[in-house]
Amino acid sequence: MLIASCASCHQVLAPSPEAGRRVATSSSSRGGLLWRLRDKQPRLGLFEIGPGHELHRLTCMMQAGLWAATQVSIDYPLLGPPTEEDFSEVMTQVQEGFELGTLAGPAFAWLRHSLGLAEKDYQASLGPGRPYLQFLGTSKSKASFFLSHDQRFFLKTQRHKEVRALLAHLPRYMQHLRRHPHSLLARLLGVHSLRVARGKKKYFIIMQSVFYPASHISERYDIKGCEVSRWVDPAPEGSPVILVLKDLNFQGKTIYLAGPQRSWLLRQMELDTAFLRELNVLDYSLLVAFHCLHKDERGPGSSLVLRTARSVQGVQSQDEPGAQNRRLLPEAPNALHILDGPEQRYFLGLVDLATVYGLRKRLEYLWKTLRYPGRTFSTVSPGRYARRLYQWVEAHTE
């Protein structure tokens, strides 16, 4: 039996995800040898979290909880744009051994709808059935990273203060995406909490993966526009594991685009980083990935010059018909994060949007100024951070 409680003015009783739990339970009892072998099988730096993995029980809870949480938005869809109460709603669903909280659930359901993402597809990707994938990140944070089995959605644990910042900025974030529907900002699709028994709450977010589909991606980079701690030792040649590299690994490389496409990219970077500066955030990253185009994917038909006009111009009036998601996109999954050059397809997206420039970061800036004289590092004012990342894109595109 599932019990749901709401912190806003209304309450809903979510349907029981017993079917989802049965799938998770049956997965745990399958042939041990087969699952242990699959668990050790690397797929581009990803590992299936099967039985025996230390995170298997946790991710099964996440899957069952997300199945039930999404069922609520399926059964009780919003009939209009989210209200102020929708942005502050907290729904807690209690299941055997754990409880899952859904923060601003109606607002995120509306955002997913505006992106053309069907709730049933979202539920199928994130719910029970097949194990999540563990992502071998190169971040220095203590966060855990997961991908849905189809690699469409990225899950990341967050600190509570980061979650508070994301939720505080959510109305403005959604407004920015309405005005610039092809923004480079990663699409944030949900914020949740998970408490096991009487333990401490853990928070995690769900995003649309920038690196999707990943099957033909050859290189991945996390760019901050600085040099301190921005090198990763590449995987040995021939290794099946592909790491996310950093700024210093990118030296000597260029993003080749047609002239108007480069102009669009620079303008969109200007719009997005200006927005993040207004939010007083820093330490976000530009994710970049390379995918070599086949001959039949190249040529004039692949140009996105005309298709990106609306993103630069934005929406002049909220009453403009079809203001959301109306520019033409490349015929590829995850088209919002894709730009095609003459020979390469590039995946681009701005992620990690929750670090506020408060007292702690100001003190960190002063310490790093003394620690790294004459060198560039990530902790600088939001205005300087935005300008520097824009300049990096300007210097590394042609």
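This write-up is about the structure you can find in this document. This one's a predicted model, so the numbers in the text were calculated from it and none came from an experiment.

What follows concerns the packing of aromatic side chains. Scanning the entire structure with this criterion turns up 13 aromatic pairs. Pairing Phe 145 with Phe 154 gives two aromatic rings, centres 5.8 Å apart and planes at 45 degrees, and the pair type is tilted. With respect to burial, Phe 145 and Phe 154 carry one shared label: buried. Taken together through their ring pairs, the aromatic side chains of Tyr 221, Phe 250, Phe 290, Tyr 346 and Trp 392 make up a single cluster.

Taken together, the side chains of Leu 359, Leu 363 and Leu 366 define a hydrophobic patch exposed on the protein surface, amounting to about 320 Å² of accessible area. Note that Leu 359 resides in helix H10 (residues 359-371).

For the rest of this paragraph, the subject is the pairing of strand S15 (residues 344-351). Counted residue by residue, S15 has 7 buried out of 8 residues, so it is predominantly covered. For strand S13 (residues 285-292) and S15, the ladder comprises 8 bridges, and the chain directions are antiparallel. Each residue of the ladder has a partner; that of Phe 290, found in S15, is Tyr 346. Two strands pair when backbone bridges link them, and strand S14 (residues 338-340) and S15 are joined in this way by 3 bridges, in the antiparallel orientation. What sits directly across from Asp 340, in S15, is Arg 345.

Here the focus is empty space enclosed by the protein. A full pass over the atoms with the stated rule returns 5 cavities of 30 Å³ or more. In this structure, the largest cavity encloses a volume near 170 Å³. Lining the largest cavity are 14 residues, with Leu 166, Tyr 173, Ala 186, Leu 188 and Leu 353 sitting closest to its centre. Elements with a contribution of two residues or more to the lining of the largest cavity: helix H7 (160-179), strand S9 (202-208) and helix H8 (259-278). The element that contributes the greatest number of residues to the lining of the largest cavity is H7, accounting for 4 residues. Its residues assigned to classes, the lining of the largest cavity comprises 11 nonpolar, 2 polar and 1 charged.

Moving on: unusual backbone geometry. Each neighbour pair has its own omega, and for Tyr 212 with Pro 213 the value is -5 degrees, a cis peptide bond. Within the fold, Pro 213 resides in the loop between S9 and strand S10 (219-223). Residue Ala 197 is not a glycine yet carries a positive backbone phi of 50 degrees. In this structure, Ala 197 sits in the loop between strand S8 (188-196) and S9.

What counts and what doesn't
- Residues numbered from 1 in each chain as written.
- Predicted model: local features only at pLDDT ≥ 70, side-chain atom pairs only at ≥ 80, totals over all residues.
- Heavy atoms only, no water.
- Phe/Tyr/Trp six-rings, centres within 6.5 Å; stacked < 30°, edge-to-face > 60°.
- Buried < 20%, exposed > 50% of the residue type's maximum accessible area, 1.4 Å probe, protein only.
- Patch = residues over 30% accessible without salt bridge, like charges linked within 9 Å, V, L, I, M, F, W, Y side chains within 5 Å.
- Areas by Shrake-Rupley, 256 points an atom, 1.4 Å probe, with all protein chains shown as cover.
- Salt bridge = Lys/Arg side-chain N within 4 Å of Asp/Glu carboxyl O.
- Helix = DSSP H or I, 4+ residues; strand = E, 2+ residues; numbered from the N terminus.
- Pairing = 2+ DSSP bridges.
- 1 Å grid on protein atoms, 1.4 Å probe; cavity = no way out; pocket = protein on both sides within 12 Å on 5 of 7 lines; lining within 4 Å.
- Points joined across faces, edges and corners; volume = space filled by probe spheres on them.
- Nonpolar A, V, L, I, M, F, W, Y, C, P; charged D, E, K, R; others polar.

Purely spatial values, then, with no claim about function.
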